[in-house]
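Residues per chain are reported as follows:
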Amino acid sequence: MKLLITPNDIHKWINDRTGIDDIADKMFNEPIPGGSKWLYGLGSSLLFVISLQIVTGIILSTYYSPSTTDAWGSVYFIQEQVTFGWFIRGLHSIGSSTLVVLCGMHLFQVFIFGAYKKPRELNWITGTIMMFVIVGFGLTGYLLPWDQKGYWATRVATGIMGTSPIIGEYLQTVIQGGSDYGNFTLTRFSTIHTIILPGALTTFIIIHLYLFRRNGITPSCKIGNEELKGKTEMFWPNQAFKDAVIALSIFVIMVSIVFWKHGTELQAPADPSSNYIARPEWYFRFLFELLKHFEGKLEIVGTIVIPTIGALFLFAIPFLDFKESRLISDRKPFIATLSTVICAIITLTTISFLTDMNDPQIVKQREKSEKEASTAKRLAAKGIPPEGGLAVLENDPLFAGNKLFMEKCSVCHRVNGKGEAKSLDLTDYNSREWLFCFFKNPDDPKYFGNTTINIMQPVDLPDKKIYDIVEFLVDQTGNAENVDQAAVKRGMNLAILDDDQQCLYCHSFKGQGQQLAPDLTGYGSDRWLKEFIKDPGSPRFYGQMNKMPAFKDKLSDSQIENVVTFLQSLSKK
Amino acid sequence: METKTIQTKKRATKPDQSKRSFMAVFACFIGSLIGIAVTFPIIGFLFHPLRKKTVYGGLDFIKVGNIKDVKGSAPRKAVIKSFKTDGWNRFDNIILGAVWLIREGDNKIIAFSSVCPHLGCGIDWSQKKEQFVCPCHASIFDINGHVLSGPSPRQMDRLDTKVENGEILVKYRKLRLGSSNRIEV
């Protein structure tokens, strides 16, 4: 008695019930008249990249969240946090471009071969439909990260949709899920991108492949039937080998680009208030350039009329070029027309990119948006507030510090005309100018004038010497640029080391002097300010003269650090 | 189809055969290569939550109310609110869960997580029976959290507490469900 179940037994068991061997035989043992060809690999490579897109797309959807508050955050998380997230997202993104390129090549090859002629008209039509489905993937997928790039480019696309006659407005509202962009725009685009279009594509792939197998491959028209038969090869393994090599080459190129770009870019979160220069993905650039040449009432010609005529022409090709001969010499007008269109597309695309590259304003704006993108990503690392991607700015210490200052400090201090003038005006705080004016007149209402502190005397020295003392203090802050070390030395001599040592009558420096007024060791540095805000009444600072509340129990350490960041920024304005 | 295949195979000469099998092997090799190159990152991507915490928050003691509000012998439910990191999001003050507070003496509080150790439903207090009752699978606990009946594999999860200046603080923890031991998740 046999105890062990061998793989052969399992194979037989399944085959008896499914006839899987017959299916495999039909799939792989297809005779190719005229033999296998590298060019035939274009169709298979499309199938390969589509499979990659399906796999990476499904995987990405395990992290992606389609809502205006979460979309950017979830894509940021995929790109920057998840293991290999950048790779999967990058592969999916470059996959879309690869598909468009391969689609174009496949279409061109089929066209040159005249492979759309009777009985293959429907092969062509289903193929063309799939090309539009793939373009639809690109259009809807571009918006999903809800970053500046996708948001503004897609706004233009739906805007164009809205200008189409009669139904435009309704169509736009339905697609957007409302009169403006919002959560429903994302849920709808996401559904179209991940459910409707994949369903449509899969259906058409099945039909396309069925038709392809039914009508067979289109061999070269220059070789006679007998010769073709003589050269017949099987799909497996002859063509499969060529397909595999092509697939591997494409994959290697895709992966190299993904590594080179470390995934794909993610711009700053969509900001409806910004003046971002909207540009579509490269494969729509020719349409974008086209629309620039039609103004006013004629705009619709560039946005809708010409693209529609182009699409209809594509579908109609098998019926316009209906004669039996597939020889190029017999189809000159059609070859010429399509070649012209392709040249026009390439020219328009090139013009569009060249115009942008040579426009200093656009180049500048690009740099700015790159900067904003990296700031947003850096801030997002601290977690994105529930208000959404744009709220990451609140994570910025400067932004948060400014906000805290306005909440807690502006009840006494004034900055740039905002806040109460009960104590020091902190506009330009600790800048050279601010310190100089302070030494000139400490009792000015801008300084101690509105406080009970009045022991600081105006410094009675020539301006040049005051500037030296200012330089000495500025050096202590560790927050200034271009410090003049010679001046620092002179200033330090005047303030601390001179026989006079006037400053040390009240102030202390590195353990010397009195503790009647704030310590000058590391004056205005991050650490000094932090400790000062925590406890201004400490003997190190204002001691008994102090009226400012201690913030050590009112604000957390990180909050105080944010306020310090804000204060330090004031001298740099 | 069947006969055609056989005919082609018959026509194939020996060197042609070896070329064919080389192509077949190579095609399979390339297929596996691409398969591995894609599968490896996908596994890393999908299993990321095993490598790094994606949801966490409220690790320190969290204020849940004043001791004056927990009176008498009946447990009182309190909501745990604290910061939470949830994937890409950071919430500064969000509900993490709830605890049952029981006063024990002047300045001592016992806290039980409201999560049933069985399968995680929210445990309720029945004042009439003076028992904790899980509404899902009828686990019943006494006021000390001991299992009286039902499927719960362990007693209610007691959490560390302290009282400072009249404020009750609880160290909120989520523990693995369905296990007879207390294991933090």
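Residues numbered from 1 in each chain as written. Chains lettered and ligands numbered in written order. Predicted model: local features only at pLDDT ≥ 70, side-chain atom pairs only at ≥ 80, totals over all residues. Heavy atoms only, no water.

Novice: Is there a simple way to think about the overall build of chain B in this case?
Specialist: Along its length, chain B carries three helices and 12 strands. Relative to a compact globule of 185 residues, whose C-alpha radius of gyration would be 16 Å, chain B shows 30 Å and is clearly more extended. Seen through its C-alpha atoms, chain B measures out along the principal axes to roughly 100 × 35 × 25 Å. Sorting the 185 residues of chain B into buried and exposed places 39% on the buried side. In chain B, the share of contacts with a sequence separation of at least 24, taken over all contacts with a separation of at least 6, comes to 50%. (Helix = DSSP H or I, 4+ residues; strand = E, 2+ residues; numbered from the N terminus. Rg over C-alpha atoms; globule rule 2.2 N^0.38 Å. Buried < 20%, exposed > 50% of the residue type's maximum accessible area, 1.4 Å probe, protein only. Contact = heavy atoms within 4.5 Å.)

Novice: Teacher, can you tell me more about the overall build of chain A here?
Specialist: Along the backbone of chain A there are 21 helices and four strands. Over its C-alpha atoms chain A spans a radius of gyration of 35 Å, topping by over 25% the 25 Å that the globule rule assigns to 573 residues. Of all intrachain contacts in chain A linking residues separated by at least 6 positions in sequence, the fraction that spans at least 24 positions is 66%. A total accessible area of about 30000 Å² is found for chain A, and carbon and sulfur atoms account for 63% of it. Positive and negative charge centroids in chain A, built from 56 and 57 side chains respectively, lie 6 Å apart. (Areas by Shrake-Rupley, 256 points an atom, 1.4 Å probe, with all protein chains shown as cover. Lys, Arg positive; Asp, Glu negative; His and termini not counted. Charge placed at Lys NZ, Arg CZ, Asp CG, Glu CD.)

Novice: Which parts of the structure should I look at to understand the interface of chain B and chain A?
Specialist: A common way to state how big an interface is: give the accessible area lost once the parts meet. With 32 residues of chain B at the contact, the number on the chain A side is 41 residues. Buried area between chain B and chain A, summed over both chains or domains, comes out near 3300 Å², and the portion from carbon and sulfur atoms is 74%. Of the residues contributing to the side of chain B that touches chain A, the split by class is 20 nonpolar, seven polar and five charged. (Buried area = accessible area lost by both parts, 1.4 Å probe. Nonpolar A, V, L, I, M, F, W, Y, C, P; charged D, E, K, R; others polar.)

Novice: Honestly, the packing of aromatic side chains in this entry has me stumped. Any pointers?
Specialist: By convention here, two paired aromatic rings are described through the distance between centres and the angle between planes. Taken as a whole, this structure holds 43 aromatic pairs over all chains when the rule is applied. Over the ring of Phe-61 of chain B we find Lys-162 of chain B; its NZ or CZ atom is 4.4 Å from the centre of that ring. (Phe/Tyr/Trp six-rings, centres within 6.5 Å; stacked < 30°, edge-to-face > 60°. Lys NZ or Arg CZ within 6 Å of the ring centre and 35° of its normal.)

Novice: Where do I start with the sheet that holds strand β8 (residues 140–141) of chain B in this structure?
Specialist: Either a parallel or an antiparallel arrangement is found when strands of a sheet pair, and the pairing is made through backbone hydrogen bonds. Residues and elements named next belong to chain B. The four strands lie next to each other as β6-β7-β8-β9, forming an open sheet whose pairing is antiparallel. Edge strands, defined here as strands with exactly one partner in the open sheet, are β6 (124–126) and β9 (147–149). Looking at chain direction, β8 and β9 are connected through two bridges and run antiparallel. Looking across to β9, one finds that Ile-140 is bridged to Ser-149. (Pairing = 2+ DSSP bridges.)

Novice: I keep staring at the sheet that holds strand β1 (residues 55–57) of chain B and nothing clicks. Help me out?
Specialist: Residues and elements named next belong to chain B. Spatial strand order, β1-β3-β4-β5-β10: five strands in an open sheet with antiparallel pairing. Strands at the two margins of the open sheet, each flanked by one partner only, are β1 and β10 (158–159). Here strand β3 (residues 76–86) pairs with strand β4 (residues 89–103) via 10 bridges, running antiparallel. What sits directly across from Val-79, in β4, is Ala-98.

Novice: For this particular structure, what's the right way to read the confidence of the model for chain B?
Specialist: Note: predicted coordinates in regions of low pLDDT should not be interpreted at a detailed level. Summary statistics for chain B give a mean pLDDT of 89 and a share of 92% for residues scoring 70 or more. Counted against residues more than four places away or in other chains, residues 1–10 of chain B, with its pLDDT under 50, gives nine contacts. (pLDDT = per-residue confidence, 0-100.)

Novice: Looking at this structure, how should I read the domain arrangement of chain B?
Specialist: Each assigned domain of chain B is listed with its residue range as follows: domain 1 (2–49) and domain 2 (55–171). For domain 1 of chain B versus domain 2 of chain B, the separation of C-alpha centres amounts to 59 Å. (Domains from an automatic or database assignment.)

Novice: Quick question: what am I supposed to make of the packing of helix α7 (residues 148–162) of chain A against helix α8 (residues 168–176) of chain A here?
Specialist: Two measures define how a pair of helices packs: the angle their axes make with one another and the distance between the axes. Residue and element names in this part refer to chain A. Orientation of α7 relative to α8, taken along the N-to-C sense of each, is 145°, at an axis distance of 7 Å. In this structure, α7 uses Thr-158, Gly-159, Met-161 and Gly-162 to contact α8, whose residues at the interface are Gly-168, Glu-169, Leu-171, Gln-172, Ile-175 and Gln-176. By residue class, the composition of the contact of α7 with α8 is three nonpolar, six polar and one charged. (Axes fitted to C-alpha atoms, helices over the stretch in contact; angles between N-to-C directions.)

Novice: Teacher, can you tell me more about the pattern of salt bridges here?
Specialist: Two side chains of opposite charge can pair, provided their charged atoms sit close to one another. Under the counting rule described, the total for this entry stands at 27 salt bridges over all chains. When the shortest N-O distance is used, the salt bridge between Arg-213 of chain A and Glu-30 of chain A registers 3.6 Å. Taken together, the residues Arg-213 of chain A in helix α9 (residues 183–215) and Glu-30 of chain A in the loop between α2 (20–28) and β1 (31–32) connect sequence positions 183 residues apart. When its relative accessible area of 33% is taken as the criterion, Arg-213 of chain A is described as partly exposed. What makes Glu-30 of chain A buried here is its relative accessible area of 10%. As a salt-bridge pair, Arg-90 of chain B and Asp-92 of chain B come within 3.2 Å of each other at their nearest N and O atoms. (Salt bridge = Lys/Arg side-chain N within 4 Å of Asp/Glu carboxyl O.)

Novice: Please explain the state of the cysteines as it appears in this structure.
Specialist: All names here are of chain A. All chains considered together, the criterion is met by one disulfide over all chains. You can see Cys-412 has no disulfide; the closest cysteine sulfur is in Cys-409, sitting 8.9 Å from it. The exposure class of Cys-412 is partly exposed, given its relative accessible area of 31%. Of the cysteine sulfurs around Cys-503, a residue in no disulfide, the closest is that of Cys-506, at 9.0 Å. (Disulfide = S-S within 2.5 Å.)

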